[in-house]
Amino acid sequence: MYICPVCKDKLNRVDNSWRCPKGHCFDIARKGHVNLLTTAKHNPKTAGDNADMVKARTEFLDKGYYRPLAEKLREVAAEVLGSTDKPVIIDSGCGEGFYTAELSKVKNSQVFGIDISKHAVAHCMTRVHLAGITNCCFAVASSFELPFDDECADAVVSVFAPVCNDEYARVLKRGGALIVVSPSPRHLFELKAAVYDEPYENKPNSYGLTAFYESDDKHRDIRFEYKTVISSQQDIYSLFMMTPYFYKTSEEGMARLKALDSIEVTCGFEIQVFIKK
Ligand SMILES: C[S@@+](CC[C@H](N)C(=O)[O-])C[C@H]1O[C@@H](n2cnc3c(N)ncnc32)[C@H](O)[C@@H]1O
Ligand SMILES: [Zn+2]
């Protein structure tokens, strides 16, 4: 399943490392994941979400505010995969594995999570160990250069993470599903209204998925929305830190945010299913 990020040959498990026939070798970390990111393309020390961002997202997700989305995503994946025997699912940009762990409940599945952040991937391992999950593997890698064989996957999932037409098409089997989760227009609108004078709705993304059916009956677009009360200052701050607005907010906006003790927000998601041509 894993391929060498240097020469693209198959990687084989040899003791505590993954090795290719040409001798490129990647050690398996004590926690059980592997770093398949080559320094030539990225700096693994600084790539992706940093330790603070990972901590904030983990604390927020573990409170369960987004659990309904995780369950809905698992249901959609199970439905799309239907009777596929031993489905292989890749969670691309998996963060700290909150959705990956839920996807591992799809019957007989083998789930692979990758993320460019080594902090996030280390946390994925802790999560699956604590939950006793044995059908998930994790690697530090880029969505734009996936460390997987051609046509090895039945589904690729991307939750609030990069979407890459060429790589996802390469690793998916023909007829395989790409499931993309993104914010709906009203996602967290009330939070934005509390912080900004002129809050705006999220605009739909366009991914340029030329290798997938985007507009006929093979493409599905599910809007999933619910309201929830974010019930502490800390949770509100962690949630805001997970959003792209965090780094664009003025001091005044941050002061308004920190003054909130609790807030009811719309959690709104688009779950889009694209099928590989
Ligand atoms: C908003 S977070 C979403 C994480 C997770 N899917 C979730 O919803 O909890 C985006 C994730 O994409 C990762 N990421 C960013 N660029 C990436 C890339 N080129 N390849 C893989 N992961 C990437 C970040 O490190 C981060 O964990
Ligand atoms: Zn190699």
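The structure we're discussing is the one just above.
Anyway, here's the lowdown on the structure attached to this text. (Residues numbered from 1 in each chain as written. Chains lettered and ligands numbered in written order. Predicted model: local features only at pLDDT ≥ 70, side-chain atom pairs only at ≥ 80, totals over all residues. Heavy atoms only, no water.)

## Topic: unusual backbone geometry
Argument step 1. The phi torsion at Asn108 lies on the positive side, around 60°, for a residue other than glycine.
Argument step 2. By the secondary structure assignment, Asn108 is in the loop between α3 (98-103) and β6 (110-115).
Argument step 3. A relative accessible area of 52% means that Asn108 is categorised as exposed.
Argument step 4. In the Ramachandran plot, Leu188 falls in the positive-phi region, its phi being about 60° despite a non-glycine side chain.
Argument step 5. Mapping Leu188 onto the fold places it in the loop between β9 (172-183) and α6 (189-195).
Argument step 6. Take Leu188: its relative accessible area is 1%, and that puts it in the buried class. (Helix = DSSP H or I, 4+ residues; strand = E, 2+ residues; numbered from the N terminus. Buried < 20%, exposed > 50% of the residue type's maximum accessible area, 1.4 Å probe, protein only.)

## Quick word on the site of ligand 1
Argument step 1. Around ligand 1, the structure places 19 residues, and the nearest of them are Asp49, Gly93, Asp115, Ser143 and Val159.
Argument step 2. Here an oxygen atom of ligand 1 sits 2.7 Å away from a polar atom, N or O, in the side chain of Asp115.
Argument step 3. Taken by itself ligand 1 offers 590 Å² of open surface, and the protein chains cover 86% of this.
Argument step 4. For the shell around ligand 1, the class distribution of residues is nine nonpolar, six polar and four charged. (Near = heavy atom within 4 Å. Polar contact = N/O pair within 3.5 Å; in protein donor to acceptor, adjacent residues only side chain to side chain. Areas by Shrake-Rupley, 256 points an atom, 1.4 Å probe, with all protein chains shown as cover. Nonpolar A, V, L, I, M, F, W, Y, C, P; charged D, E, K, R; others polar.)

## Structural notes on the nonpolar core
Argument step 1. Core analysis: the largest hydrophobic core is formed by 58 residues, its most contacted members being Tyr66, Tyr99, Leu191 and Phe240.
Argument step 2. Discounting residues that sit within four places of it in the chain, Leu191 has contacts with Ile236, Leu239, Phe240, Leu257, Leu260, Ile263 and Val265.
Argument step 3. Counting residues in hydrophobic clusters, the runner-up holds 32 residues, among them Tyr2, Phe112, Ala139 and Ala169. (Core = buried A, V, L, I, M, F, W, Y, C linked by side-chain atoms within 4.5 Å. Contact = heavy atoms within 4.5 Å.)

## Regarding the coordination of the zinc ion (ligand 2)
Argument step 1. For the zinc ion (ligand 2), the full set of protein donor atoms is Cys4 (SG), Cys7 (SG), Cys20 (SG) and His24 (ND1), and the range of their distances to it is 2.1 to 2.3 Å.
Argument step 2. For His24, a relative accessible area of 26% corresponds to the partly exposed category. (Donors = N, O, S within 2.8 Å, 3.2 Å for Na, K, Ca; no water.)

## Observations concerning the sheet that holds strand β2 (residues 17-19)
Argument step 1. The strand order β1-β2-β3 describes an open sheet built from three strands, whose pairing is antiparallel. Two strands close off the open sheet at either side, each with one partner strand: β1 (12-14) and β3 (25-27). Looking at each pair of strands side by side, their axes are set apart by 30° on average, direction ignored. (Pairing = 2+ DSSP bridges. Axes fitted to C-alpha atoms, helices over the stretch in contact; angles between N-to-C directions.)

## Observations concerning the packing of helix α7 (residues 233-242) against helix α8 (residues 251-258)
Argument step 1. Following both chains from N to C, one finds α7 and α8 inclined at 140°, their axes separated by 9 Å at the closest point. With respect to α8, the axis of α7 lies oblique. Contact with α7, carried on its side by Gln233, Ile236, Tyr237 and Phe240, involves Met254, Leu257 and Lys258 of α8 and no other residues of that element.
Argument step 2. For the contact of α7 with α8, a count of residues per class yields five nonpolar, one polar and one charged. (Parallel < 35°, antiparallel > 145°, perpendicular 65-115°, else oblique.)

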